[in-house]
Amino acid sequence: MSELRLTDLVTILRECAGEDETSNLDGDILDAEFGELGYDSIAMLETASRIQIRYGVVLSDEEVAEATSPRVLLHLVNRSLAETA
Amino acid sequence: MTVAVVTGMGVVAPTGLGTRQHWARTMRGEAAIGRITAFDPQRYSSTLAGEISGFVPTDHLTKRLLPQTDRMTQLSLVAADWALRDAAVEVASLPEFGMGVVTAGSAGGFEFGHRELDKLWRKGPEHVSAYQSFAWFYAVNTGQISIREGLRGPSGVLVTEQAGGLDAIAQARRRVRDGTAAMVCGAVDGSPCPWGWVAHLAGGRISTSEDPLRAYLPFDVDAAGYVPGDGGALFVLEAEEAARDRGATSWHGEIAGYAATFDPPPDSDRPSTLRRAIELALADANIAADEIDVVFADGSGLPDLDRVEADALRAVFGPYGVPVTVPKTMTGRLGAGGAALDLATALLTMRHGEIPPTVNVSRPVPEYELDLVTEPRPTVASAVLVVARGYGGFNAAMVVTRRKSAG
């Protein structure tokens, strides 16, 4: 796969950490904080692990911690994908 | 001394989801033991269990919780919720550290762990869920209840197998006596899965009978092991004064007495300390043996252990001196959840004035000299003793009373 898109990320988020009834992942969440969306640090580790399995991108724990919004996370993953392509 | 009263309870048992269903089915003597459905038991030497049926997690919990919780934890969260609602405690109105949680577990989230170990073995470490870091853990129910309900007061977990159900409530009573206004306490235990099952089987105490009516027969001449099950009960325990202050005018009962002892090693010549646990619990409650109206026995279903318990009960209460019942003949033994469920059933016995039956036991060992209740029996119960013995030598005894005790 050449690119991780927001819709792909939302699918992964739902799979690995469920969906909070109060947060809406279908909206414009590119710049929302994962914390505000209800995803804590363990949920983000789980997300990173699924991304690794599906896209072969290994993110360090530090990178996962720095990726506080979908935009930053997508950028990190897609940069890595571009480098290895 | 602060009086600790049970103001709420939530039951999740093979005999029913919810207190009402559990009690109705228990009084009808309808056992919930059957062939295991959680996995195919064909390959194993034992095939029976007391399983909870009809539990749909999404009916009760947010989707967010499901990927990170074992079924046992999901059941626990629901039981805690029901107990809090039953007590009508408004957690938000309490001081920030005014309410804590103590639960007991004997194995943690085994089913979750089984699934993740299977992934580790088949696919590799990167496939193991990050939630495995806590979802299997003994303390997970305490933690998840604390987070979900916002209970930030003193909390903990007890691991003493079947005795844990009582030990957790006793620990909650200590916290209440230390000044914590209210505690959620008790146990929901057991996760039917192949891994948990082989652990049970390795203990060598499981009945190998395939007949649900003949598999678990505590105090019977044909006693030959027990049947495991899953479920339990959680309670809200409060200082009586705190309960009154927030306007509560009625409760299920008072935790009047408790004691725990530890048995000497199996190869020792020294006797079991179970009798001492019972006597100390009665002394703690300031109640004489003849004031106990009914005993909920541990009922291990193994002849050696049954004999020890029968000897202890006979020594304390005299031959046929008190009605004894083992309603867990309908559910199997639920680990720590079993004693907690017994406590719930004991409280219901006081409320309804009826002793639930020990089912399937048709030929009690005569020399035990127990007044075994095998049919529902009307009674006026003001004080009930619950006995629990945990694998490894743990004994616990708890006295619950209907009214405030003297002194």
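Quantities reported herein were computed from a predicted structural model and do not represent experimental measurements.

What counts and how
Residues numbered from 1 in each chain as written. Chains lettered and ligands numbered in written order. Predicted model: local features only at pLDDT ≥ 70, side-chain atom pairs only at ≥ 80, totals over all residues. Heavy atoms only, no water. Helix = DSSP H or I, 4+ residues; strand = E, 2+ residues; numbered from the N terminus. Rg over C-alpha atoms; globule rule 2.2 N^0.38 Å. Buried < 20%, exposed > 50% of the residue type's maximum accessible area, 1.4 Å probe, protein only. UniProt positions renumbered as here; feature names shortened; annotations may be inferred. Contact = heavy atoms within 4.5 Å. Buried area = accessible area lost by both parts, 1.4 Å probe. Salt bridge = Lys/Arg side-chain N within 4 Å of Asp/Glu carboxyl O. Nonpolar A, V, L, I, M, F, W, Y, C, P; charged D, E, K, R; others polar. 1 Å grid on protein atoms, 1.4 Å probe; cavity = no way out; pocket = protein on both sides within 12 Å on 5 of 7 lines; lining within 4 Å. Points joined across faces, edges and corners; volume = space filled by probe spheres on them. Domains from an automatic or database assignment. Polar contact = N/O pair within 3.5 Å; in protein donor to acceptor, adjacent residues only side chain to side chain.

Student: Help me out: how do you make sense of the overall build of chain B in this one?
Tutor: Counting its regular elements, chain B contains 11 helices and 16 strands. The C-alpha atoms of chain B give a radius of gyration of 20 Å, which matches the 22 Å a tight globule of 407 residues would have. The dimensions of chain B, computed from C-alpha atoms along their principal axes, are 60 × 55 × 40 Å. A buried classification covers 59% of the 407 residues belonging to chain B.

Student: What am I meant to see in the UniProt feature "domain: Ketosynthase family 3 (KS3)" (unreviewed entry) in chain B here?
Tutor: The UniProt feature table records "domain: Ketosynthase family 3 (KS3)" (unreviewed entry) at residues 1-402 of chain B. Its end C-alpha atoms 17 Å apart, residues 1-402 of chain B is made of 31% helix and 20% strand.

Student: Where do I start with the interface of chain A and chain B in this structure?
Tutor: The accessible area lost on association of the parts is a frequent measure of interface size. Residue-level contacts link 18 residues of chain A with 12 residues of chain B. Around 1100 Å² of area is buried between chain A and chain B when both sides are counted, 51% of it from carbon and sulfur atoms. At the junction of chain A and chain B, the tally comes to 0 salt bridges. For the side of chain A that touches chain B, the secondary-structure elements that each account for two or more residues are α1 (6-17) and α3 (41-55) of chain A. The biggest single contributor to the side of chain A that touches chain B is α3(A), with 7 residues. Classifying every residue of the side of chain A that touches chain B by side-chain character gives 8 nonpolar, 4 polar and 6 charged.

Student: Can you walk me through unusual backbone geometry in this structure?
Tutor: Glycine aside, negative phi is the norm for most residues, and most peptide bonds take the trans geometry. All names here are of chain B. Of note, the phi angle at Asn286 is positive, near 55°, even though the residue is not glycine. Here Asn286 is to be found in the loop between α9 (274-285) and β10 (294-296). Even without being glycine, Glu369 reaches a positive phi, approximately 50°. Since its relative accessible area comes to 29%, Glu369 is described here as partly exposed.

Student: I tried to follow the layout of surface pockets on my own but got confused; where do I start?
Tutor: The gaps of empty space that remain are located by a probe, the size of a water molecule, rolled over the atoms. Quantified by volume, the largest pocket comes out at close to 1100 Å³. Forming the walls of the largest pocket are 47 residues, and the residues nearest its centre are Glu161(B), Arg205(B), Gly390(B), Tyr391(B) and Gly392(B). Sorting the residues of the lining of the largest pocket by element identifies β4 (48-50), α7 (194-202), α10 (303-317), β15 (383-390) and β16 (394-401) of chain B as the ones contributing at least two each. By residue number, the principal contributor to the lining of the largest pocket is α7(B), which donates 4 residues. Along the lines of polarity and charge, the residues of the lining of the largest pocket split into 20 nonpolar, 16 polar and 11 charged. No fewer than three residues from each of domain 1 (4-246) and domain 2 (258-401) of chain B sit in the lining of the largest pocket. Forming the walls of the second largest pocket are 15 residues, and the residues nearest its centre are Asp40(A), Leu65(B), Gln68(B), Gln144(B) and Ile147(B). Among the elements of the structure, α3 of chain A together with α5 (140-149) of chain B are those that each provide at least two residues to the lining of the second largest pocket. Broken down by element, the lining of the second largest pocket gets its largest block of residues, 5 residues, from α5(B). For the lining of the second largest pocket, the residue count by class is 8 nonpolar, 4 polar and 3 charged.

Student: Looking at this structure, I do not really get α5(B). What am I missing?
Tutor: Working note: α-helix, 3.6 residues per turn, so residues spaced by three or four point in the same direction. Residue and element names in this part refer to chain B. Taking burial as the measure, the 10 residues of α5 include 7 buried ones, the bulk of the element. Those residues of α5 not exposed but buried are Val140, Asn141, Thr142, Gln144, Ile145, Ser146 and Glu149. Lining the buried residues of α5 we find α2 (71-87), β5 (99-104), α4 (132-135), β6 (156-158), β7 (182-189) and β8 (231-239). At the C-terminal side of α5, Gly150 shows a positive phi close to 70°.

Student: In this structure, what is going on with the domain arrangement of chain B? I would like to understand it.
Tutor: Residue and element names in this part refer to chain B. On domain assignment, one finds that chain B holds domain 1 (4-246) and domain 2 (258-401). Using only C-alpha atoms to locate each centre, domain 1 and domain 2 end up separated by 21 Å. Contact residues are listed per partner, giving 62 residues for domain 1 and 64 residues for domain 2. Across the domain 1 to domain 2 interface the summed buried area is about 4800 Å²; carbon plus sulfur atoms make up 68%. Applying the counting criterion to the domain 1 and domain 2 interface returns 2 salt bridges. In this structure, Arg173 and Asp284 form a salt bridge, with 2.7 Å as the shortest nitrogen-oxygen distance. At the surface where domain 1 touches domain 2, the tally comes to 18 residue pairs in polar contact (both at pLDDT 80 or more). Secondary-structure elements contributing two or more residues to the side of domain 1 that touches domain 2 are β1 (4-13), α1 (19-27), α6 (164-177), β7 and β8. For the side of domain 1 that touches domain 2, the element with the highest residue contribution is α6, accounting for 8 residues. In terms of residue class, the side of domain 1 that touches domain 2 is made up of 32 nonpolar, 18 polar and 12 charged.

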